[in-house]
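Examination of the molecular architecture
Chain by chain, the residues run as shown.
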2 protein chains.
Amino acid sequence: MTSQNAAPSAPRLIKACRQEILDRPPVWLMRQAGRYMPEYRAIRQKMGFLELCKTPDVAVEVTMQPINAFEMDAAIIFSDILIPPEAMGMEVVFGDGGPHFPNPLQTAADVDRLIIPDPLEKTGFVMEIIRRMRQELASRPDTALVGFAGSPWTLASYMIEGGGSKHFAKLKGMMYDAPDVLHRLLGKLAETITLYLNAQIEAGAQAVQLFDTWGGILSEAEYRRFILPYHQQIIRNLKRDETPVILYVNNSRGLLPLMAEAGPDVISVDPLTSISDARQIVGHRFALQGNLDSTALFSSPQVLKPMVQALIAEGGNQGYIFNLGHGILPPTPVENVRLLVDLVKESALTPAHP
Amino acid sequence: MTSQNAAPSAPRLIKACRQEILDRPPVWLMRQAGRYMPEYRAIRQKMGFLELCKTPDVAVEVTMQPINAFEMDAAIIFSDILIPPEAMGMEVVFGDGGPHFPNPLQTAADVDRLIIPDPLEKTGFVMEIIRRMRQELASRPDTALVGFAGSPWTLASYMIEGGGSKHFAKLKGMMYDAPDVLHRLLGKLAETITLYLNAQIEAGAQAVQLFDTWGGILSEAEYRRFILPYHQQIIRNLKRDETPVILYVNNSRGLLPLMAEAGPDVISVDPLTSISDARQIVGHRFALQGNLDSTALFSSPQVLKPMVQALIAEGGNQGYIFNLGHGILPPTPVENVRLLVDLVKESALTPAHP
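So, here is what we can say about the structure in this document. From a predicted model like this one, the values you see are computed outputs, not experimental measurements.

1. Points about the sheet that holds strand 8 (residues 287-292) of chain B
All names here are of chain B. The strand order across the open sheet formed by seven strands is 1-4-5-6-7-8-9, and the pairing between neighbours is parallel. Of all strands in the sheet, those bounded by a partner on one side alone are strand 1 (74-76) and strand 9 (320-324). Within the sheet, the average angular offset between the axes of one strand and its neighbour, ignoring direction, is 25°. In this sheet, strand 4 (residues 144-150) lies alongside strand 1 in parallel orientation, the contact comprising three bridges. Residue I76 lies in a different strand from strand 4, and its bridge partner there is V146.

See below:
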């Protein structure tokens, strides 16, 4: 561990993003602060989701819960991708059936009414969480703090559909019938997210991840029109000297070359593409993150252990971050999370993979 | 139109499956007999879904509804992919929230209890629908009758999950923890489906389509273990001299080479891969079917028309069947279905595409 007086070396996660050779990969889990943890559920008994996102003291406590319990190599700030749309002027409700916009976007006028929020003024609580988290992690300099945002396409999906969707008929309807209006919305979102992530970086986020949960529902030609330019715009305009960018697209089989074109430092791979195939597809210009299937964590330790070990071997010790292929699921047994993290950490005891 | 006394030439759909050069592609729509039609909804007012499947008179009427209304080039028998699992010994309930197995498969003993049903004895009503449909279509020799079944993987998904699913945790749990039990189930399903489709062919189905709705949720390596061998087993054992086999896998981006390895006559493409890309990927050994996004049918005629025309041009007049990329959605306006079918039919009036 680096002494606090010496110039601190970068956390393990950042070294992996830079493709430095390590004795083992870093490990963290998407949605690692959340409902599978009894400590989290206890807090949610007392506080609604949105209130929690906006109360830095408690959000910091929740962000730290998995770090305290399992000692992952990265903490991801507790927040939600729908915080920026709310700051743009949309009412968002977090109910039992998932997030919901009571007044979804329908017309060009609806899109024109959205503001591009000053991230400090409208989402200062997120930056406050980041500042406090860096203080919290001062004694753990090898644990990186990760900020994040949703991608314009995924945010537009929620803002137009009003919530989750199966067929995305309203979103695609706007894409087919009023592509210029959709582009105007995506442009506003890209500008908002760029400012938002840069504010996170300035507040102390050491890496940022862009989540495109619904990026996999388009054909390649549509992805090139409605997703890639906005990924590129955001990534190009981030203050990246010290801060790697991780790009995650769900259901991304066949899309990895387009993810690479966006120019992130790290490509976060879903379970549909193996890490070896991903490496073949995108080459060594990118670090990779992923991609254990979240449902594997429901299996017995005897089944889970060889799956985790195989993935550690596949990922290797250079340019690889151990993670899930999508978010951890609420019914996940905590013992399996501990087993997973411990297995990655123990892999440092065996000789490094060639 | 062929005179009823002369040796009838094959219906347009069959010619397209055989990659004959045509003046225009055939057109039909997955789920074309269904809830978007007021005639169908009127019948469902009086009769439950499963009863309808098992009442040949009415199933034939429903199968003919879109043919009478829009004159597609193929009729697909009105039935459901969960008919064979019921015949294997599982109780299935069709409720408002979709189909549901009250007693999903959990153990090896559950799988062992399933029978391999004689398709004539247990699902004779399906064969009766096919026989009557052929009589019904005797005066329309250019309209093909298509039979179908669900793939073992997709059927296993419903039988293990008990219904629809978001994360397929139970199905994947069996895949991880008891792959031998899952293989036993998939083997029984493959045998059942082979008998079932061969009985449909003997009853008069002129083409059969295998639907793998959930084939896209696996990695390539998993697909090779749990899906491909069963596709191959079924397709290899079908009586195919005169009867082409269409293979549909949903969310199949990146999976087309594996679909080709199954050896069907026609690869039915979802909206994620363009027909041109599909042709490049699988070459000219296969006819292609698809792949208009079902949500395009919600657009205005001005928007829909150029989309349909572009797809007609892209598909061409050899080895191509115009269809949707997945099933038609219940809120689809019938006028747009008429427009779509008419546009494909009118394309014969323009010179054939090179």
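Resuming the write-up.
2. Let's talk about helix 16 (residues 301-315) of chain B
Residues and elements named next belong to chain B. For helix 16, built from 15 residues, the straight-helix expectation of 21 Å at 1.5 Å per residue is met to within 8% by its first-to-last C-alpha distance of 21 Å. For helix 16, the set of buried residues is L304, V308, L311, I312 and G315. Buried residues of helix 16 fall within an arc of 105° about the axis and therefore sit on the same side. Among the exposed residues of helix 16, those oriented more than 90 degrees off its buried face are Q302, P306 and A310. Buried residues in helix 16 make contact with helix 15 (275-282), strand 8, strand 9 and helix 17 (334-346). Phi turns positive, to about 80°, at G316, one or two residues after helix 16.

3. Points about the interface of chain B and chain A
Listed per partner, the contact involves 24 residues of chain B and 24 residues of chain A. With five residues, helix 10 (residues 169-177) of chain B is the largest single contributor of residues to the side of chain B that touches chain A. Across the side of chain B that touches chain A, the residue classes tally to 10 nonpolar, 10 polar and four charged.

4. What about the pairing of strand 8 of chain B?
All names here are of chain B. Burial within strand 8 is extensive, with six of its six residues counted as buried. Pairing of strand 7 (residues 266-268) with strand 8 involves three bridges; the strand directions are parallel. Considered in strand 8, the bridge of I267 is made with L288. Read from strand 7 through helix 15 to strand 8, the crossover connection turns out right-handed. Where strand 8 lies against strand 9, five bridges are found, and the strand directions are parallel. Of the residues in strand 9, the one forming a bridge with L292 is L324. One crossover worth recording links strand 8 to the parallel strand 9 by way of helix 16, and it is right-handed.

5. Focus: the relation of the copies chain B and chain A
Rotating chain B by 180° and translating it 0.0 Å along the rotation axis places it on chain A, where the RMSD comes to 0.0 Å. Both copies of the chain, as the preceding transformation shows, are related through a two-fold rotation axis. Ranked by how close their C-alpha atoms come to the rotation axis, the residues of chain B are headed by G254 of chain B, at 2.6 Å. Of the residues that chain B buries at the interface, 100% are likewise interface residues in chain A, meaning the two copies contact each other through the same surface.

6. Observations concerning unusual backbone geometry
With an omega of -10°, the peptide bond between G290 of chain A and N291 of chain A qualifies as cis. Mapped onto the fold, N291 of chain A is located in strand 8 (residues 287-292). We note that Q19 of chain A has phi near 65°; this positive angle belongs to a residue other than glycine. Given 17 C-beta atoms within 10 Å, Q19 of chain A falls into the partly exposed group. Backbone geometry places E71 of chain B, a non-glycine residue, at a positive phi of 60°. Its place among the elements puts E71 of chain B in the loop between helix 4 (56-70) and strand 1.

7. Topic: the packing of helix 4 of chain B against helix 8 (residues 124-136) of chain B
All names here are of chain B. Their axes nearest at 9 Å, the elements helix 4 and helix 8 cross at an angle of 50°. By the angle class used here, helix 4 and helix 8 are oblique. Helix 4 and helix 8 meet at a crossing whose hand is right-handed. From helix 4, P56, A59, V60, T63 and M64 reach across to helix 8, where they touch F125, E128, I129, R132, M133 and E136. Of the residues in the contact of helix 4 with helix 8, the class split is seven nonpolar, one polar and three charged.

What counts and what doesn't
- Residues numbered from 1 in each chain as written.
- Chains lettered and ligands numbered in written order.
- Predicted model: local features only at pLDDT ≥ 70, side-chain atom pairs only at ≥ 80, totals over all residues.
- Pairing = 2+ DSSP bridges.
- Helix = DSSP H or I, 4+ residues; strand = E, 2+ residues; numbered from the N terminus.
- Axes fitted to C-alpha atoms, helices over the stretch in contact; angles between N-to-C directions.
- Expected span 1.5 Å × (residues − 1).
- Buried ≥ 20, exposed ≤ 12 C-beta atoms within 10 Å, placed from the backbone.
- Arc of directions from axis to C-beta.
- Contact = placed C-beta atoms within 7 Å.
- Nonpolar A, V, L, I, M, F, W, Y, C, P; charged D, E, K, R; others polar.
- Right-handed = clockwise from strand over helix to strand, strands pointing away.
- Least-squares fit on C-alpha atoms with pLDDT ≥ 70 in both.
- Parallel < 35°, antiparallel > 145°, perpendicular 65-115°, else oblique.
- Left-handed = near helix turned anticlockwise from the far one by under 90°.

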